[in-house]
Amino acid sequence: MLNEIKSLNEECGIFGIWNHPKATEMTYYGLHSLQHRGQEGAGIVSTDGETLKGYRHLGLLADVFSTEKLAKLAGKAAIGHVRYATSGQKDLANVQPFLFHFQTGSFGLAHNGNLTNAKSLRHELEDTGAIFQTTSDTEALAHLIKRAGKDQFLDNLKVALNQVHGGFAYLLLTEDSLYAALDPNGFRPLAIGQLNGAYVVASETCAFDTVGATFVQDVEPGQIVQINDQGLHIHTYTEDIRPSICSMEYIYFARPDSNIKGINIHAARKRCGKTLAKEAYVEADVVTGVPDSSISAAIGYAEAAGLPYELGLIKNRYVARTFIQPSQELREQGVRMKLSAVRGVVAGKKVVVIDDSIVRGTTMRRIVGLLKEAGAKEVHVRVASPPLKFPCYYGIDIRSRDELIAANYSIEEIRQLIGADSLEFLSVSGLAESIGQPYPDYPDGGLCLSYFTGDYPTPLYDYEEEFLEAMKESNDPSLTYSFEPNLLKDTSQLFINGGK
Ligand code: AMP
């Protein structure tokens, strides 16, 4: 058995607004469009310019907030958070935003991402007297801000941000400013929009469409964007940046109507599907996709392969995501409740089924079974991302190589395990080229592909030893990995046609 690599994941959605008479309601609507980023807990902290108030609870946003609760938080500015926790950490104490009160003022804090040095920071802070109330990585930042010892909040924040490592998109709210800060790699997306006289900040641009805001700019790696009654001010807390935005945001996580670094998610997924058709064409009668996140790639595959795209699988929208069920049995039951095959579309046909990714293989095994039970003659599985072999330490809930089917079995073994007639994955270069280059000035385009390559763009700090141990036990000589920034590596294979 491989060593388990666990981390406190914070796979979340964040939204903030400054200078709006209905700031709290707007935050509610913004968070609603980010609900796909987290369903376990939700919260809002607001200010009227004098004090800060907050409310948070476990559950979906609509269950957490009633009209009365929102009215109690009325103010001119707010930040909010929807949380996707891994099992075992689903307690109220970890639901954000956190609200801290000091003699010198208060602040609210919301975090999307995962720190790689949270454990050691926590030890250091505890050893020098800090007391933590949660098991979340996020609390460490508040202690670091308080200890920085400068006069201005902004300067304290700059000092603190230089001490945390890993993936972070933070929103902070004080009585007089809203701050948005991004880690030096920009692992998680964070964008700024404008709504009449108000500024909004959100994990994804789909939130702007919901509240009627227009996109202004992305928060860039190493930046702190401060918004207050005097307008928007851009500060940098480090020049040492190396953009590497998470490729899983494009593959699975973000909503198709969002743009990340100017690249539309639906269009990127469709290009992945087209490339997959070129790389792994198979003769068939019909193409179908696993709803919802694979539909764009399936449309692209069908278009490039010259095959009809059909709705061969239907999703019951009222079942929570299977991925997050704590046990394998519950996950399988979840998939059964969630998806049905359309007999009229697949019976007697050779079917190509597209999924955006295979993690444990649970979903795909069940889908192949469903399609065959519904009479499909052949089922060919095509995956619009490369085999997921390495954990993510920057905020996506892929934590242990034990859980990753492609880390433990060959493609032929996986094909047999899921019962498909054939199975192929998109190549790493095909993926990078299809997404495009979020940061065209960087030789690797500024994408993090570490789940597929094992090349992590930063040191892993607290996780490095565990990772090396797990790799040693995995005994797989075909795998290479590094923790060093690979800027100087030959990346010519990644963007054969220059990306976009
Ligand atoms: P699995 O059943 O474990 O192979 O999970 C694969 C399914 O989960 C695919 O249909 C993906 O769309 C979805 N998926 C991929 N990555 C994640 C993630 N980080 N969190 C939740 N679901 C995911």
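Residues numbered from 1 in each chain as written. Predicted model: local features only at pLDDT ≥ 70, side-chain atom pairs only at ≥ 80, totals over all residues. Heavy atoms only, no water.

Remarks on the site of the ligand
The full set close to the ligand counts 16 residues, and D355, D356, R360, G361 and T363 are the nearest of them. Contact with the protein chains covers 94% of the free accessible surface of the ligand, which is 500 Å². Within the residue set of the shell around the ligand, elements represented by two or more residues are α8 (247–253) and α13 (362–373). Across the shell around the ligand, the residue classes break down as seven nonpolar, five polar and four charged. (Near = heavy atom within 4 Å. Areas by Shrake-Rupley, 256 points an atom, 1.4 Å probe, with all protein chains shown as cover. Helix = DSSP H or I, 4+ residues; strand = E, 2+ residues; numbered from the N terminus. Nonpolar A, V, L, I, M, F, W, Y, C, P; charged D, E, K, R; others polar.)

Section: helix α6 (residues 153–161)
Owing to its 3.6 residues per turn, the α-helix aligns residues three or four sequence positions apart on the same side. When we look at burial in α6, the residues that qualify are F153, L154, N156, L157, A160 and L161. Along the long axis of α6, the arc covered by the buried residues comes to 160°, so they all point the same way. Here the buried face of α6 lies against β6 (105–112), α5 (139–147), β7 (169–173), β8 (178–182), β12 (223–228) and β13 (231–236). (Buried < 20%, exposed > 50% of the residue type's maximum accessible area, 1.4 Å probe, protein only. Arc of directions from axis to C-beta. Contact = heavy atoms within 4.5 Å.)

Digging into the sheet that holds β8
Read from one edge to the other, the open sheet built from six strands follows the order β5-β6-β7-β8-β12-β13, with strand pairing classed as antiparallel. Each end of this open sheet is capped by a strand with a single partner; those strands are β5 (98–102) and β13. Here the strands of the sheet are splayed against their neighbours by 20° on average, with no regard to which way each runs. Two elements, β7 and β8, share five bridges in a ladder whose sense is antiparallel. Paired with L173 across the bridge in β8 is L178. Packed on one face of the sheet, α5 meets β5, β6 and β7 and runs near 20° to β5. (Pairing = 2+ DSSP bridges. Axes fitted to C-alpha atoms, helices over the stretch in contact; angles between N-to-C directions.)

Quick notes on the environment of Y318
Mapped onto the elements of the fold, Y318 is located in the loop between β18 (313–315) and α11 (328–338). In this structure Y318 comes out as exposed when scored by relative accessible area, which is 77%. Separated by 20 residues in the primary sequence, Y318 and K338 have C-alpha atoms spaced 8.0 Å apart.

Examining the pairing of β8
The element β8 is extensively covered by neighbouring structure, given that five of its five residues are classed as buried. Where burial is concerned, the two faces of β8 agree: the one with L178, A180 and L182 and the one with Y179 and A181 are both buried. Between β7 and β8, which pair antiparallel and follow one another directly, the connecting turn spans four residues. Two strands pair when backbone bridges link them, and β8 and β12 are joined in this way by four bridges, in the antiparallel orientation. Each residue of the ladder has a partner; that of A180, found in β12, is V225.

Here we look at the pattern of salt bridges
In the structure shown here, the tally under the stated rule is 16 salt bridges. Of the charged contacts in the structure, one is a salt bridge between R122 and E126, with a shortest N-O distance of 3.9 Å. A residue pair is termed a helical-turn pair when its members lie 3 or 4 positions apart in one helix, as R122 and E126 do in helix α4 (residues 118–127) at four residues. Taking the shortest distance from any N to any O, the salt bridge between E303 and K274 comes out at 3.1 Å. With E303 in helix α10 (residues 295–305) and K274 in helix α9 (residues 265–279), the pair connects residues that are 29 residues apart, well separated along the chain. Members of the salt-bridge network, linked through shared partners, are R37, R188, E204 and E249. (Salt bridge = Lys/Arg side-chain N within 4 Å of Asp/Glu carboxyl O.)

Details of the UniProt feature "active site" (unreviewed entry) in the protein
Residues given the UniProt feature "active site" (unreviewed entry) here are C12. Tracing the chain through its elements places C12 in strand β1 (residues 11–18). Classification of C12 by relative accessible area gives buried; the value is 0%. Those residues in contact with C12 that sit more than four places away from it in its chain are R37, H81, V82, R83, Y84, H111, N112 and S203. (UniProt positions renumbered as here; feature names shortened; annotations may be inferred.)

Overview of unusual backbone geometry
Looking along the chain, the bond that leaves Q96 and enters P97 is cis, with omega of 0°. Note that the residue after P291, namely D292, is joined by a cis bond; omega there is -5°. Counting through the fold element by element, D292 comes out in the loop between β17 (286–289) and α10. With phi around 70°, N19 is a residue other than glycine that occupies positive phi space.

Quick notes on the sheet that holds strand β10 (residues 198–202)
On the basis of which strands lie adjacent, the open sheet formed by seven strands has the order β3-β2-β4-β1-β10-β9-β11 and antiparallel pairing. Both outer strands of the open sheet, β3 (52–58) and β11 (214–218), are each paired with one neighbouring strand and no more. Adjacent strand axes in the sheet meet at a mean angle of 15°, parallel and antiparallel pairs treated alike. With eight bridges joining them, β1 and strand β4 (residues 77–84) adopt antiparallel strand pairing. Note that in β4 the partner of I17 across the bridge is A78. Relative to the sheet, helix α1 (residues 23–32) contacts β1, β2 (41–47), β4 and β9 (191–195), its axis offset from that of β4 by approximately 25°.

Here's the deal with the side chain of H81
Within the fold, H81 resides in strand β4. The exposure class of H81 is buried, given its relative accessible area of 0%. At a separation of 2.9 Å, a polar atom in the side chain of H81 contacts the main-chain carbonyl oxygen of H111. Apart from the residues within four sequence positions on either side, H81 is in contact with C12, G13, I14, L31, G41, A42, G43, Q96, P97, A110 and H111. (Polar contact = N/O pair within 3.5 Å; in protein donor to acceptor, adjacent residues only side chain to side chain.)

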